[in-house]
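Structural description and commentary
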Amino acid sequence: MINRRYLLLGIALAVTIIAFDRYFLMPKAESMREELTVASGGLKKDEQFIRTALVPEKDVAAAAEAISQLEKRMIREKTEFLASVRLQDDVSTMAGKAGLRIQTTRSLPSAKLGNYLAIPLYFEGNGTIKQVSDLLKELESGTLLIKVDKLNIGITNIQNPKELKFKMQVSGVAKI
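Now for a quick tour of the structure.

**Details of helix α3 (residues 80-98)**
Spanning 19 residues, α3 covers 27 Å between terminal C-alpha atoms, matching the ideal 27 Å at 1.5 Å per step. Taken as a whole, α3 has its buried residues at Ala-83, Ser-84, Leu-87, Asp-90, Val-91, Met-94, Ala-95 and Ala-98. Down the axis of α3, the smallest arc covering the buried residues is 135°, so these residues share one side. Of the exposed residues in α3, the ones pointing more than 90 degrees away from its buried face are Phe-81 and Lys-97. Residues of α3 that are buried sit in contact with β1 (101-107), β3 (116-127), α4 (129-141), β4 (146-155) and β5 (164-175). Two residues or fewer after α3 comes Gly-99, characterised by a positive phi angle close to 90°.

Written out as structure tokens, the structure is:
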């Protein structure tokens, strides 16, 4: 009688293990095998791409040269305050060359951009559209790397629409 119980328990255990294997482990293993096959195919594609992708050395050298040229145009002052003063001086000189009358100039808080520092400057003034255009050309071709963040132009006098009021925010870039 006791041997029958052990025999039945053994058979039940074997049937349970076989059922667990067949209905749970085998489907799970098959789905994992499919996932591994898909992932392996993706890795093989990536490996093939990396092996065949050749970046010409002249392109890398040209990119490095372009970066070094841009870094030469950055503000070189050691502190944020001195960099802001340098930017303000250069922008006011450019505005003077263009014939604009600057009324307000205000330094704004600087912002980090990775390894660089953006130094914003806000200013307002009056002038003609030609003078504003000349200022924009000077900003683009000047010695410093300056980006125009915001530009707002409006007519100050309806009787004289050539006279404009402008508000501009520019940012100079400095290396930290």
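Alright, that's what it looks like, and here's the rest.
**Considering the nonpolar core**
If you look at the biggest cluster of nonpolar residues, it comprises 21 residues, and the most contacted ones within it are Val-91, Phe-123, Leu-135, Leu-139, Ile-146 and Val-170. Among the elements of the structure, α3, β3, α4 and β5 are those that each provide at least two residues to this core. The element contributing the most residues to this core is α3, with 6 residues. Non-local contacts of Ile-146, meaning those with residues more than four positions away in its chain, are made with Leu-87, Val-91, Met-94, Leu-139, Val-170 and Ser-171.

**What to know about α4**
When the terminal C-alpha atoms of α4 are compared, their 18 Å separation across 13 residues agrees well with the 18 Å that a helix rising 1.5 Å per residue should span. Among the residues of α4, those classed as buried are Gln-131, Val-132, Leu-135 and Leu-139. Seen from one end, α4 has its buried residues packed into an arc of 100°, which puts them on one side. Structural note: α4 exposes Ile-129, Lys-130, Lys-137, Glu-140 and Ser-141 on the side pointing more than 90 degrees away from its buried face. Elements that come into contact with the buried residues of α4 comprise α3, β3, β4 and β5.

Calculation criteria
Residues numbered from 1 in each chain as written. Predicted model: local features only at pLDDT ≥ 70, side-chain atom pairs only at ≥ 80, totals over all residues. Heavy atoms only, no water. Helix = DSSP H or I, 4+ residues; strand = E, 2+ residues; numbered from the N terminus. Expected span 1.5 Å × (residues − 1). Buried < 20%, exposed > 50% of the residue type's maximum accessible area, 1.4 Å probe, protein only. Arc of directions from axis to C-beta. Contact = heavy atoms within 4.5 Å. Core = buried A, V, L, I, M, F, W, Y, C linked by side-chain atoms within 4.5 Å.

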